[in-house]
Amino acid sequence: SLESMTALGFRAPAVVVGLKPERIGMRVPRREKFTVADVGFNVGLSSPVEVLDVAIQSQLTPKWNLGQWIKYYETPFAKRDKVLNVISLEVSHTPLRQMVRPPKFVDGLDWGKKLWPKELKKTSLKNFNPTKPRSSYPKVQLYCLMSVAGAFTDFHIDFGGSSVWYHVLRGRKIFYFVPPTSANLTAYEHWCNSPVQNSQFFGHHVSEICRVELLQGQTMLIPAGWIHAVYTPQDSLVFGGNFLHSLSISMQFRIHALEAATGIDERFRFPYFEEIQWYEARRIAELAKAHGARKAVREMNSFEADGVKALTQALQDRMKRGVALVPDSRPAIEPEVLLESLVSLTKVMKSMRR
């Protein structure tokens, strides 16, 4: 539940087993009636799709369309000349958004759902152009992943330190997790910046790897910052999504900075990462104003309180350096006023700890 996730801080990967999707407020198609052909029908066979060549871990050029991908996916295993993978097809602008819904507690955490202006999202979905995929909101909430047997995604961290919900409709997945300790994140940064990264197995640079097998019908939740690789032992069809939230603000900023340090292209970073922080700042300020600072602090757990401190420090730093990206919003975001409120709140936190 949202309450247990909040109380525990969502700090370790979790697998939901033995529960039907509706028991956790999730909606997915019936697996026996839904295939990759149905993905094509709902998304459009002419829609462009980014296809990864697993052997070299890079995108095929020129781009394929979804019809080409489905033809490849339906080719018998023995007749496929390459192992390919589709892991970045975002489909929230399609009819699939009516068929797939994340677990209820994800909606309760997700900043994109809770904080981003609904009118901007509605307009963006209505006017979405697949040849110009930049939207007017963080369009990362619903992905359809289609992987063939033998596909492997090398070690990575989801963009912006976002958390992930991940449901295997068909097939099976094997995850290899490395916890986001300071030492492991430093090792990961060095590995990403190494000129011989492609010939080095990241697992050799850490002392602990956890293997988790995700079976058909199971759902996984991956917290902020966890380094992971994914192997596909049999053809698979997965739905999932990414989200930022208030329980892992410090880690989200840590990964955002790591992406800059490793030269991740802006196209592969969490969209509107900087802007959405101001909506969270406004939510916190409004909470303190409505209930009083002391009551607001008493109702926060340690993870949320640490997040307020991290957010205040990060936004102060961006304002001082003149690099704050403040969203054009109605009502208007007033960064100086919000920062003043956050600073006051952190002072109250400090006084209440004495």
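Anything mentioned here points back to the structure above.
As the structure is a prediction and not an experimental result, all values here were calculated from the model.

*Asks:* What am I meant to see in the pairing of strand β11 (residues 219–222) here?
*Replies:* Side-chain positions along a regular strand alternate between the two faces of the sheet. Here β11 shows a buried face lined by Thr219 and Leu221 and a second buried face lined by Met220 and Ile222. With three bridges connecting them, strand β1 (residues 14–16) and β11 associate as antiparallel partners. What sits directly across from valine 15, in β11, is methionine 220. In the sheet, strand β9 (residues 163–178) pairs with β11 via four bridges, with the strands oriented antiparallel. Note on β11: the bridge partner recorded for histidine 167 is threonine 219.

*Asks:* I tried to follow the layout of surface pockets on my own but got confused; where do I start?
*Replies:* To find leftover empty space, one rolls a probe the size of a water molecule over the atoms. Considering only enclosed or pocket space, the second largest pocket measures out at about 480 Å³ in volume. Along the wall of the second largest pocket there are 24 residues; nearest its centre are Pro102, Asp107, Lys113, Lys121 and Gln141. Listed by contribution, the elements that provide at least two residues to the lining of the second largest pocket are α4 (96–99), α5 (104–109), α6 (111–114), α7 (118–126) and β12 (227–243). Sort the elements by how many residues they give to the lining of the second largest pocket and α7 lands first, with four residues. Its residues placed into classes, the lining of the second largest pocket shows nine nonpolar, six polar and nine charged.

*Asks:* Looking at this structure, how should I read the packing of helix α10 (residues 273–291) against helix α12 (residues 302–321)?
*Replies:* Close contact between α10 and α12 brings their axes to 11 Å; oriented N to C, the two are set at 125°. The angle between the axes of α10 and α12 places the two elements in the oblique class. Relative to α12, the crossing made by α10 is left-handed. Between α10 and α12, the residues in contact are Glu274, Gln277, Trp278, Glu280, Ala281 and Ile284 and Val308, Leu311, Leu315, Arg318 and Met319, respectively. When grouped by side-chain class, the residues that make up the contact of α10 with α12 number seven nonpolar, one polar and three charged.

*Asks:* Quick question: what am I supposed to make of the nonpolar core here?
*Replies:* Within soluble globular proteins, side chains that are nonpolar generally end up buried alongside one another. The biggest cluster of nonpolar side chains holds 50 residues, and the ones touching the most others in it are Tyr166, Phe175, Met220, Leu311 and Leu345. Setting aside anything within four residues of it in sequence, one finds phenylalanine 175 in contact with Tyr166, Cys210, Arg211, Val212, Leu214, Met220, Ile222, His228, Ala229 and Val230. Counting residues in hydrophobic clusters, the runner-up holds 39 residues, among them Ile70, Val100, Val106 and Leu169.

*Asks:* Would you mind showing me how to read the packing of helix α9 (residues 249–261) against α10 here?
*Replies:* When two helices pack together, their arrangement is given by the angle between the helix axes and the distance between those axes. Between α9 and α10, whose axes approach to 12 Å, the crossing angle comes to 160°. Classified by the angle their axes make, α9 and α10 are roughly antiparallel. Handedness of the crossing formed by α9 with α10: left-handed. Note on element contacts: α10 touches α9 through Phe273, Glu274, Gln277 and Glu280, opposite Ile249, Gln252, Phe253 and His256.

Each value, and the rule that gives it
Residues numbered from 1 in each chain as written. Predicted model: local features only at pLDDT ≥ 70, side-chain atom pairs only at ≥ 80, totals over all residues. Heavy atoms only, no water. Buried < 20%, exposed > 50% of the residue type's maximum accessible area, 1.4 Å probe, protein only. Helix = DSSP H or I, 4+ residues; strand = E, 2+ residues; numbered from the N terminus. Pairing = 2+ DSSP bridges. 1 Å grid on protein atoms, 1.4 Å probe; cavity = no way out; pocket = protein on both sides within 12 Å on 5 of 7 lines; lining within 4 Å. Points joined across faces, edges and corners; volume = space filled by probe spheres on them. Nonpolar A, V, L, I, M, F, W, Y, C, P; charged D, E, K, R; others polar. Axes fitted to C-alpha atoms, helices over the stretch in contact; angles between N-to-C directions. Parallel < 35°, antiparallel > 145°, perpendicular 65-115°, else oblique. Left-handed = near helix turned anticlockwise from the far one by under 90°. Contact = heavy atoms within 4.5 Å. Core = buried A, V, L, I, M, F, W, Y, C linked by side-chain atoms within 4.5 Å.

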